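The lines below spell out each chain.
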Amino acid sequence: MRNFPSLLKLSAFYSEFVRLVGGASRCAGTLELKHQGEWRRATSGDVVDYFEMKEADAFCQDLNCGSAVSLRKRQVSSQSLWLVIVGCRPFDYDSRRCVMSWNASSVLELTCSDSVRLLNGPSLCSGRLEINYNQSNQSKQSWTSVCEDHFDQQDAEVVCRELGCGPPSALQGALYGDVGAPVWSKEFQCEGHESTLLDCRSSSSTRNSCSPGKAVGLTCSEPIRLVGGASRCAGTLEAKIGEWRPVGGYDWALREAAVACKQLDCGSALAIEHRKSSDRPVWRIQTDFVRSGFPLREYVISVNSSSTVDLTCSDSVRLLNGPSLCSGRLEVNYNQSNQSKQSWTSVCEADFDQQDAEVVCRELGCGPPSALQGALYGDVGAPVWSKEFQCEGHESTLLDCRSSNSTRNSCSPGKAVGLTCSEPIRLVGGASHCAGTLEMKLGEWRPVHTMARTLKEPAAFCKHLDCGSDVSVKKRESSNTPVWIHRLFCEPSYFSMMGCLQSPTIISESFTPGSVLELTCSGKPICDIINCIARGGWSRQT
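Residues numbered from 1 in each chain as written. Predicted model: local features only at pLDDT ≥ 70, side-chain atom pairs only at ≥ 80, totals over all residues. Heavy atoms only, no water.

Chemist: What is the right way to read the overall build of the protein chain from this model?
Modeler: Within the protein chain, the regular secondary structure consists of eight helices and 31 strands. The buried share of the protein chain, taken over its 542 residues, is 51%. For the protein chain, long-range pairs separated by at least 24 residues make up 69% of all intrachain contacts whose partners lie at least 6 apart in sequence. In the form shown here, the protein chain has an accessible surface area of approximately 24600 Å², with 49% of it arising from carbon and sulfur atoms. (Helix = DSSP H or I, 4+ residues; strand = E, 2+ residues; numbered from the N terminus. Buried < 20%, exposed > 50% of the residue type's maximum accessible area, 1.4 Å probe, protein only. Contact = heavy atoms within 4.5 Å. Areas by Shrake-Rupley, 256 points an atom, 1.4 Å probe, with all protein chains shown as cover.)

If you want it as structure tokens, here you go:
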């Protein structure tokens, strides 16, 4: 969370130790630090780099500038620089705990906004809006809040673009805390195309305070996109940190794809492919931060890579709040024609049946439905889908189904559709459905290659197939058959098999994915054991 306590005092102190030089303003340029009385340019090192946007934003804060907008490393001749120790907060510019001498050939260049910033939000792209109304005085920056009555959607679009974020997704008074005087005394009249908020026309106003709950709180979407696909929800994943670049996600699996699909306001993740390209600059986002749901932009680092990521998300349906990619509360996108504003709504249980569920599960690349129940994964109020679906079960997508008009615009409590689809896992070529080569489906069925060193992972697959948990394993060479890789250190559970799958990056013509799994499960279904216990047919041997 970004906050600026006693900022004038702090910035006056920090300005003795940190500066940006060579840029268009005091808030842009090469980062320089003063350590032990000596100014040097700053570096994050040449080999391992964990200096991310959240670190850049902390320096923008120390400089009493606005939010961090861009970050890049510039190559220089090898020289003695100050190495920034990442994560050292509060930053002690005179301590070796935070700064040390280092020979490196890259320096850090930052661009902070010098006119607007977002405070107290959960990300760099959200918070309470403040404006710098004293830019002409370099030694004394003066920041003020904005009253909701003076700010509209077009103004918000300009601010989000100025900060390098995506389009605005929420605009509300006191969304990220309230504040008293002073407030900006003019009403903004942006047309939406301006580069900065202060480029917009404004009218004078006599207002110098805001009513309680009226200080502008703004949420901008993350600056990520999918390009080159059939829709806005399919294609190569790109992120913008000053400039658009592909995301290098050689270690991404479907559960990381699901986070990106959610931040793109698309539906559920359907497929992920790793594509080989020429070696070029890309943005790398560490999977630990992706899975944790952190804003993707804040954990980006610049690297050179030949691997990029292609994602396919559903653009019409999604499952939320479930324990896996194939379960959750159902939502339908009823505004697909408006690419800039997607509108998702829940579905009422009375308007949805088993055949409708079969279509949704198939559309999301999952197996057949195993549970359909109101509020199974949380309830929700209005709006709800206003039509009753009348699927026959063979349709490709839910919105291909016939539907009848309904006057329903809300659901009774506990009636929002919760759906559990089985995961697309099977054993083929064996004597029964509990033996054979392990295959999973992400768009297409493929054998599974795994580097598992214990029986824990194969046993989880047997359990999911309701074939018991005892297992014997044999590995078979897959020759040139396309496979899915089950990522190492990605532990499967009963509900999350698909999330660990990824397609291998083909690095050469002679690349072979290795062995695939052949499993023989005990064949004693878990449900039989449970039923047996319920009938009292099992007793403990003494």
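Chemist: What's the story with the state of the cysteines in this structure? I'm lost.
Modeler: Defined simply, a disulfide is a covalent bond joining two cysteines at their sulfur atoms. Within the structure shown, the criterion is met by 12 disulfides. The side chain of Cys125 participates in a disulfide bridge whose partner is Cys165; the two sulfur atoms lie 2.1 Å from each other. Handedness of the Cys125-Cys165 disulfide follows from its S-S torsion of about -90 degrees: it is left-handed. Residue Cys125 is found in the loop between strand S6 (116–120) and strand S7 (126–132), and its partner Cys165 is found in the loop between helix H3 (153–162) and strand S9 (168–173); the two are separated by 40 residues along the sequence. (Disulfide = S-S within 2.5 Å.)

Chemist: I would appreciate a short explanation of the side chain of His274 in the present structure.
Modeler: Its location among the elements puts His274 in strand S16 (residues 269–285). Side-chain polar atoms of His274 contact the backbone oxygen of Trp252, separated by 3.1 Å. (Polar contact = N/O pair within 3.5 Å; in protein donor to acceptor, adjacent residues only side chain to side chain.)

Chemist: Can you help me understand the pattern of salt bridges in this one?
Modeler: When the charged atoms of two side chains with opposite charge come close together, those side chains can pair. Here the structure, examined in full by the defined rule, presents 22 salt bridges. Glu331 is the salt-bridge partner of Arg329, the closest N and O atoms lying 2.9 Å from each other. On the accessibility criterion, Arg329 (7% relative accessible area) is buried. Three or more residues are tied together by salt bridges with common partners; here these are Asp265, Arg318, Arg329 and Glu331. (Salt bridge = Lys/Arg side-chain N within 4 Å of Asp/Glu carboxyl O.)

Chemist: Is there a simple way to think about the environment of Glu518 in this case?
Modeler: Its location among the elements puts Glu518 in strand S31 (residues 515–521). Setting aside chain neighbours within four positions, we find Glu518 in contact with Gly436, Thr437, Ser472, Val473, Lys474 and Arg476. Side chain to side chain, Glu518 and Arg476 meet in a polar contact 2.8 Å long.

Chemist: Explain the environment of Arg225 to me, please; I cannot follow it from the model alone.
Modeler: Mapped onto the secondary structure, Arg225 falls in strand S13 (residues 224–228). By relative accessible area, which is 32% here, Arg225 ends up partly exposed. Sequence-wise, Arg225 and Cys261 are 36 residues apart; in three dimensions their C-alpha atoms are separated by 9.5 Å. In this structure Arg225 touches Thr236, Leu237, Glu238, Trp244 and Leu264, once residues within four positions along its chain are discounted.

Chemist: Please explain the side chain of Asn64 as it appears in this structure.
Modeler: Relative to the elements of secondary structure, Asn64 occurs in the loop between helix H2 (53–62) and strand S4 (68–84). Given a relative accessible area of 3%, Asn64 falls into the buried group. Polar side-chain contacts of Asn64 include one of 3.3 Å to the side chain of Arg117.

Chemist: Looking at this structure, how should I read the nonpolar core?
Modeler: Across soluble globular proteins, nonpolar side chains have a tendency to be buried as a group. Formed by 95 residues in total, the largest nonpolar core has its most connected members in Leu31, Leu33, Phe59, Phe352, Leu398 and Met440. The residues contacting Phe352, other than those within four sequence positions of it, are Leu330, Val347, Ala357, Val360, Leu372, Phe389, Leu398 and Val417. One finds Val158, Cys160, Leu218 and Cys220 within the second-largest nonpolar core, a separate group that totals 21 residues. (Core = buried A, V, L, I, M, F, W, Y, C linked by side-chain atoms within 4.5 Å.)

Chemist: What is the right way to look at helix H4 (residues 254–263) in this model?
Modeler: Within an α-helix, residues lying three or four positions from one another point in the same direction, as the helix has 3.6 residues per turn. Burial runs high along H4: seven of the 10 residues are buried. Among the residues of H4, those classed as buried are Leu254, Glu256, Ala257, Val259, Ala260, Cys261 and Gln263. Taken from the residues just after H4, Asp265 is the one with a positive phi, measuring 60 degrees.

Chemist: Is there a simple way to think about the pairing of strand S26 (residues 435–441) in this case?
Modeler: Within a regular beta strand, the side chains point alternately toward one face of the sheet and then the other, so they alternate between its two faces. For S26, a buried count of six out of seven residues is recorded, marking the element as mostly surrounded by other parts of the structure. Pairing between strand S25 (residues 425–429) and S26: five bridges, direction antiparallel. Along S26, the bridge assignment pairs Ile425 with Met440. In this structure, the hairpin formed by S25 and S26 is closed by a connection of five residues. Pairing between S26 and S31: three bridges, direction antiparallel. Looking across to S31, one finds that Gly436 is bridged to Leu519. (Pairing = 2+ DSSP bridges.)

Chemist: Please explain the packing of aromatic side chains as it appears in this structure.
Modeler: The geometry of an aromatic ring pair comes down to the distance between the two centres and the angle between the two planes. Within the structure shown, the criterion is met by seven aromatic pairs. Relative to Phe59, the ring of Phe51 has its centre 6.1 Å away and its plane inclined at 25 degrees; by these criteria the two rings are stacked. Neither residue differs from the other here; Phe51 and Phe59 are each classed as buried. Ring centres 6.4 Å apart and planes at 90 degrees place the aromatic pair Phe352 and Phe389 in the edge-to-face group. Placement of the pair is Phe352 in the loop between strand S20 (344–346) and helix H6 (354–363) and Phe389 in strand S22 (residues 387–390), with a sequence separation of 37 residues. You'll find Phe352 and Phe389 in the same group, each marked buried. Within the aromatic cluster, the residues linked to one another by ring pairs are Phe17, Phe51, Phe59 and Tyr93. A cation over an aromatic ring shows up here: Arg117 above the ring of Trp143, its NZ or CZ 4.0 Å from the ring centre. The side chain of Arg446 reaches across the aromatic face of Trp484, ending 4.0 Å from its centre. (Phe/Tyr/Trp six-rings, centres within 6.5 Å; stacked < 30°, edge-to-face > 60°. Lys NZ or Arg CZ within 6 Å of the ring centre and 35° of its normal.)

Chemist: Mind showing me how you'd approach unusual backbone geometry here?
Modeler: Negative phi values dominate among residues other than glycine, just as trans dominates among peptide bonds. In this model, Asn64 sits at a positive phi of 60 degrees, which is unusual for a non-glycine residue. Even without glycine at this site, Ala375 takes up a positive phi of about 60 degrees. By the element assignment, Ala375 lies in the loop between strand S21 (369–374) and S22. Of the residues examined, Ala375 reaches a relative accessible area of 27% and is grouped as partly exposed.

Chemist: What exactly am I supposed to notice about H2 here?
Modeler: Within H2, eight of the 10 residues are buried, which leaves the element mostly enclosed by the surrounding structure. By the burial criterion, the buried members of H2 are Met53, Glu55, Ala56, Asp57, Ala58, Phe59, Cys60 and Asp62. Downstream of H2 by a residue or two, Asn64 has a phi angle that is positive, lying close to 60 degrees.

Chemist: Would you explain the environment of Leu517 in this entry?
Modeler: Checked against the element boundaries, Leu517 lands in strand S31. With 70 residues separating them along the chain, Leu517 and Pro447 place their C-alpha atoms 7.6 Å apart.

Chemist: So what exactly am I meant to see when it comes to the pairing of strand S17 (residues 300–313) here?
Modeler: Inspection of the sheet shows strand S14 (residues 234–240) paired to S17 by three bridges, in the antiparallel sense. Within S17, the residue paired with Thr236 across the bridge is Asp310. In terms of strand pairing, S16 meets S17 through 13 bridges, oriented antiparallel. Following the sheet pairing, Arg275 is matched in S17 by Thr308.

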